[in-house]
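# Structure at a glance
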Amino acid sequence: MNNEHHLEGDSNSVKRTPLLALHQLYYDPDIEHKNTAQKWLMRAQVSPEGWNFSWVLLSLDRAPEIQYFGANALQTKISRHWADIPAEQYEALRSQLSARIALFSDGPRMVLTRLCVALASLALHTIPDSWPNAVQDLVQCFPPGPALLELLTVLPEELHTSRLPQYRKSLVRAAISQTGPTSVFPLLLRLLDQAENSQDEAVGTGAALGPKVLRCFSSWLLLDIPLSECEALVMASFRALHQPELFEMASDALVHAISQPDAHRYVNTLLKLVPAVLQLEELLRHAVQNGDMESTHGLCRVILALGQNHARTLLEQTAHWQSFLALVNMVMYCTGIPGHYPVDEMTSSLTLTFWYTLQEDIGSMERERKTMYLQVYRPVYFQLVDVLLYKAQFPTDSEYATWSSDEKENFRIYRVDISDTLMYVCEILGPELLGNWYDKLGRLLTAPTQPTAWQQTEAILYGFQSIAETLDVNHSDVIPGLLGLIPRISVSNVQLADTIMFTIGALAEWLADHPVMLSGVLPLVLQALSNPDLSVSSVSTLKKICRECRPDLAPYAPSIMAVAQDVLIKQIHKSSQCMWLMQALGLMLSPLPIAEILGHLQTLLTPHIQQLESLAEQPQTPANRLAIIHILGLLSNLFTTLNIGPNDTEQDGTGAMPKPPGQGPHPVVVVLQQVFQLVQKLLAKWINDSQVVEAVCTVFIKSVKTLVDDFGPMIPQLSEMLGQMYSTVPQSSALELTRELVHIFAKDPTHDVTVKLLFLHMIAVTLAVFERGPRDHPDIVDSFMQLLLQALKRKVDLFIADNCDFKALFHCGLISLKFPEGPTVKSACGFFTELLPHCATVPAIGQVVHDEGRLLLETILERESEQEESEGYRQRVHTAVPWLARYRVCSRLLIEKKNEPRARTSETKLAAFCGQTVQAMPFPPLSCNASHPFSSIL
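As the structure is a computational prediction, the values presented were derived from the model and not from experiment.

## A short note on the overall build of the chain
A tally of regular secondary structure across the chain gives 45 helices and zero strands. In the chain, which comprises 938 residues, the proportion classed as buried is 53%.

Next up, the structure:
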């Protein structure tokens, strides 16, 4: 189809062609015809002929979807192609649009809306120059009704989303805002009064217009009109809340009005709003009693709009403290709405931020007011704590079983929010809060008559758990009593048992200072460890105790090891919890004597090593792969934390202090030497499986990071195995292990030769990978660049060897720079950034950069010309280029690039690039050609 021919046809063609395309778009079942029609129509509506056929399509005898396209085409032409309209046609176009709006005032609604948006767009382009009184003229031109309200509604919305330049948008906003209080708000107030008093919805200006009036009011609030100037409409909106058909729009309008950014400046108006909000209490209670969740939600939003956004302003009006306290009590009522969130109610979660805001505002006041308000609000916050613990309670077991998974997850998140709120509240209530909870828990557990529901006990423990890690519990005398009460709790529910575990875990730091209490809680944790339903809570709690209390766990080590070994053999926990458990055992074993550690390790690991030996003989299956990876993961996580250095050393893999001298090999080394042949046997069979190889390498990586120098005895045999493994099947995990060995042992006089030989071997094998084509191995390329970078940082002498080809490594870096993967490019940039400063100290590097540096700069400029790189990439390459300038590369290439007739990189881009580069130069470039146009920059 020749689109241009149809668009340039006679009037009949202009009438027919859009109709045909629209018919194909809406009614043709062929998807290709629909797509073709849509593309043609998109071009047609922005063509000059769009002005003509748009009016034709708006004929009253057309289908609504045809009319809509005509209206939308007009709006598109006006909003996006305003410059095509001659100034002398502004008034005629405005008259035509006004006439069409009047014609469609009774619908269809979608057509009326698009026409109103078109006229609003025209107004925005002509205010205040050509049409300074646009708003006043519109109010006078159209009778009060749906068309006028729709027009006034879309005008601020169109301004908010328009593509006008910012300076012009500000000018138009100021002009329109001035007309709101004088021309628009009186009209809206009059119509809203009629809507409140009218019961006949057939009357055009009656109750049916009420929602439209309130929606229009909300739209004008986008212009940030001062709250004092819309006070009458705000009060009318409060009255509208009592009419069900107006409630939703009225609540939205009130929230928008009260939440305006500068509303706090109008204190007198805010004080008038407090009684209006307080008068909503009866309406709120009625909605709650009737289970009207939507009305409850809307009323709570209005209450919070005033209370949360303007708490400080209202607190500063000390003469009105009682009215604000009444407002706070309304928020309290919303927080404690009966029922369980999110099944019975969805409102209470909205209020939690208010309590934090109020607390912050009180705490930031001057001393006198702060003291006064603390006396007033401390009882309120104690009441809040009771309400929150009530809301945090689980439903009955039978009811909870009927909840969906989404409802349970939302309830979990809700409890987390309550926990955060309790943590904040604790700052204002202090240790007295703990005493309060302890007394309640004691009464519940010692009540002689009616048995207590487990939900109440769990909620109090959840409160302790929430604040235990933030409150200075060392100054509280209730913690020993709490830990004494916990064993007396009758646990018949998973949720209660989980909370008990998490509460004990939250008190781990306190237990470290009071180890005598461990005997009372550790049996509970070990008992829970055998329950698969308590997997996460029991394992994480044990890990916290082992981390914080490890110096005092020696008497309990046998029992802990026995239970842990049992649950691991029985596979009670999922793989991730088993990994946590091994970390906990590593922490616990670390302070013990080496002989004792070895004894425990033999008991713990023998079953798993035996299973690994069996798996090494079995065929390669997915199940066997998972089992092997699981056992290797157990070893990795154990070795991550098994550190026999001083007790105050962090033992989560971030580094270790050397073991005391004269105690023999590190226990991890002993284990690794015992299983080394088994590992070699596994690798021989699973060498092509990257996951198994990665798991093996991870065992040694974790061990190296933890043991540091103590890993030395493993270096000879590990280096030999690693070289053979990488020669057989190059994999990135082997390069990562080599990088760790380089990092720690490159400068060790005992192992530096072995590490250097391994390093050179890995280079040789990887160069062969590059020769075959590295594009399918971005992980190897990335890890190789990181290995080279680490070697340059630790000991550049590693590269000094007859068989180390610097030129080949340089070209590997160039290839890596061209990879689309961001991490690979980042690693390559790091390699060059570290390589180039060694040009002066290592002649071989200097010669390669002198001979090949041009290629590096060309590669960087090519990536620059693609305009696809992130700012981080640009910063990294710009730190490398100044070194090229020093070695007489930049100026030669830039001159040649400038003289290339079809250079991909423009002179402007070259100049900008060099300007950014020079900013990173630590010295003046040595090779600038004074006659070159870039010499002053470079």
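And the narrative resumes.
## A look at the nonpolar core
A general feature of soluble globular proteins is that nonpolar side chains tend to end up buried together. Counting 291 residues, the largest nonpolar core has Trp220, Phe238, Tyr377, Phe700, Phe711 and Phe799 as its most contacted members. Setting aside its immediate chain neighbours within four residues, Trp220 contacts Val135, Leu152, Leu155, Pro156, Ile176, Thr179, Gly180, Val184, Phe185 and Ile225.

## Here we look at the side chain of Asp361
Summarising the element assignment, Asp361 is placed in helix α19 (residues 352-363). For the buried Asp361, no salt bridge exists, and the shortest N-O distance to an oppositely charged side chain is 4.7 Å, to Arg312. Setting aside chain neighbours within four positions, we find Asp361 in contact with Ala311, Arg312 and Leu315.

## Side note on helix α6 (residues 90-103)
Because the α-helix completes a turn every 3.6 residues, residues three or four places apart line up on one side. Over its 14 residues, α6 runs 20 Å from end to end, which matches the ideal 20 Å to within 8%, given 1.5 Å per residue. Here α6 has its buried residues at Tyr90, Leu93, Arg94, Leu97, Ser98 and Ile101. When α6 is viewed along its axis, its buried side chains cluster within an angular range of 135° and face the same direction. Of the surrounding elements, those touching the buried residues of α6 are α4 (50-57), α5 (64-80), α7 (109-126) and α9 (146-161).

## Looking at the environment of Leu855
Residue position: Leu855 is located in helix α42 (residues 843-866). Here Leu855 falls in the partly exposed class, since its relative accessible area comes to 31%. Separated by 41 residues in the primary sequence, Leu855 and Leu814 place their C-alpha atoms 7.8 Å from one another. Sequence-distant contacts of Leu855, that is, excluding residues within four places in its chain, are made with His811 and Leu814.

## Re the packing of aromatic side chains
Inspection of every chain in the model, using the stated rule, returns 20 aromatic pairs. Consider the rings of Phe394 and Trp454, whose centres lie 5.9 Å apart with planes at 35°: the pair is tilted. Taken together, the positions of Phe394 in the loop between α20 (367-391) and α21 (397-401) and Trp454 in helix α24 (residues 454-468) put the pair 60 residues apart, joining distant regions of the chain. Relative accessible area serves as the criterion here: at 11%, Phe394 is assigned to the buried category. Linked through ring pairs, Phe394, Tyr400, Trp403, Phe411 and Trp454 together constitute an aromatic cluster. The cationic tip of Arg285 hangs over the ring face of Tyr333; the distance from NZ or CZ to the ring centre is 4.3 Å.

## Some thoughts on unusual backbone geometry
A cis amide bond links Ile127 with the next residue in sequence, Pro128, at an omega value of -5°. Position of Pro128 among the secondary structure elements: in the loop between α7 and α8 (134-141). Even without glycine at this site, Gln571 takes up a positive phi of about 55°. For Gln571, the location among the structural elements is in the loop between α30 (557-569) and α31 (575-589). A residue is classified by how much of its surface remains accessible, and Gln571, at 58% relative accessible area, is exposed. In this model, Val708 sits at a positive phi of 55°, which is unusual for a non-glycine residue. Structurally, Val708 is set in the loop between α35 (690-707) and α36 (715-728). The class of Val708 is partly exposed, set by a relative accessible area of 22%.

## Considerations on the pattern of salt bridges
Applying the stated criterion across every chain, the model contains 23 salt bridges. Note that Glu231 and Lys272 form a salt bridge whose closest N and O atoms lie 3.1 Å from each other. In this pair, Glu231 sits in helix α12 (residues 231-240) while Lys272 sits in helix α14 (residues 267-278), placing the two residues 41 residues apart along the sequence. Looking at Lys272, the relative accessible area reads 44%, which means it is partly exposed. Put simply, Asp689 and Arg625 hold a salt bridge, and the shortest N to O gap is 2.5 Å. Residue Asp689 is located in the loop between α34 (667-686) and α35, and its partner Arg625 is located in helix α33 (residues 622-641); the two are separated by 64 residues in the primary sequence. Using a relative accessible area of 25% as the deciding quantity, one classes Arg625 as partly exposed. Taken together, the shared-partner salt bridges connect Arg109, Glu150 and Arg215 into one network.

## Overview of the environment of Lys272
Taking the C-alpha atoms as reference, Lys272 lies 9.2 Å from Glu231; in sequence the two are 41 residues apart. When near neighbours in sequence (up to four residues on either side) are disregarded, Lys272 contacts Glu231 and Met235. Among the polar contacts listed, one links the side chain of Lys272 to the side chain of Glu231, at a separation of 3.1 Å.

## Notes on the packing of α5 against α7
Running from N to C, α5 and α7 point in directions that differ by 10°, and their axes come no closer than 8 Å. With respect to α7, the element α5 is oriented roughly parallel. Contacts between α5 and α7 involve Pro64, Glu65, Gln67, Tyr68, Ala71, Asn72, Leu74, Gln75, Ile78 and Ser79 from the former and Met110, Val111, Arg114, Leu115, Val117, Ala118, Ser121, Leu122 and His125 from the latter.

## Things to note about the environment of Asp417
Checked against the element boundaries, Asp417 lands in helix α22 (residues 405-429). Using a relative accessible area of 33% as the deciding quantity, one classes Asp417 as partly exposed.

## Describing the side chain of Thr541
Summarising the element assignment, Thr541 is placed in helix α29 (residues 535-549). The buried category is assigned to Thr541, whose relative accessible area is 1%. Looking at Thr541, its side chain comes within polar contact range of the main-chain oxygen of Ser537, at 2.7 Å.

## Quick word on the confidence of the model for the chain
Summarising the model, the chain shows a mean pLDDT of 86, and 86% of its residues fall at 70 or more. Counting contacts from residues 199-205, a segment whose pLDDT is below 50, to residues more than four positions away or on other chains yields nine contacts. The model gives residues 917-938 a pLDDT under 50, and that stretch makes 45 contacts with residues more than four places away or in other chains.

## A few points about α5
Across its 17 residues, α5 extends 24 Å between first and last C-alpha, which sits within 8% of the 24 Å expected from 1.5 Å per residue. Among the 17 residues that make up α5, 12 are buried, leaving the element largely enclosed by the rest of the structure. Ile66, Gln67, Phe69, Gly70, Ala71, Asn72, Ala73, Leu74, Gln75, Thr76, Lys77 and Ile78 are the residues of α5 that are buried.

What counts, and at which threshold
Residues numbered from 1 in each chain as written. Predicted model: local features only at pLDDT ≥ 70, side-chain atom pairs only at ≥ 80, totals over all residues. Heavy atoms only, no water. Helix = DSSP H or I, 4+ residues; strand = E, 2+ residues; numbered from the N terminus. Buried < 20%, exposed > 50% of the residue type's maximum accessible area, 1.4 Å probe, protein only. Core = buried A, V, L, I, M, F, W, Y, C linked by side-chain atoms within 4.5 Å. Contact = heavy atoms within 4.5 Å. Lys, Arg positive; Asp, Glu negative; His and termini not counted. Salt bridge = Lys/Arg side-chain N within 4 Å of Asp/Glu carboxyl O. Expected span 1.5 Å × (residues − 1). Arc of directions from axis to C-beta. Phe/Tyr/Trp six-rings, centres within 6.5 Å; stacked < 30°, edge-to-face > 60°. Lys NZ or Arg CZ within 6 Å of the ring centre and 35° of its normal. Polar contact = N/O pair within 3.5 Å; in protein donor to acceptor, adjacent residues only side chain to side chain. Axes fitted to C-alpha atoms, helices over the stretch in contact; angles between N-to-C directions. Parallel < 35°, antiparallel > 145°, perpendicular 65-115°, else oblique. pLDDT = per-residue confidence, 0-100.

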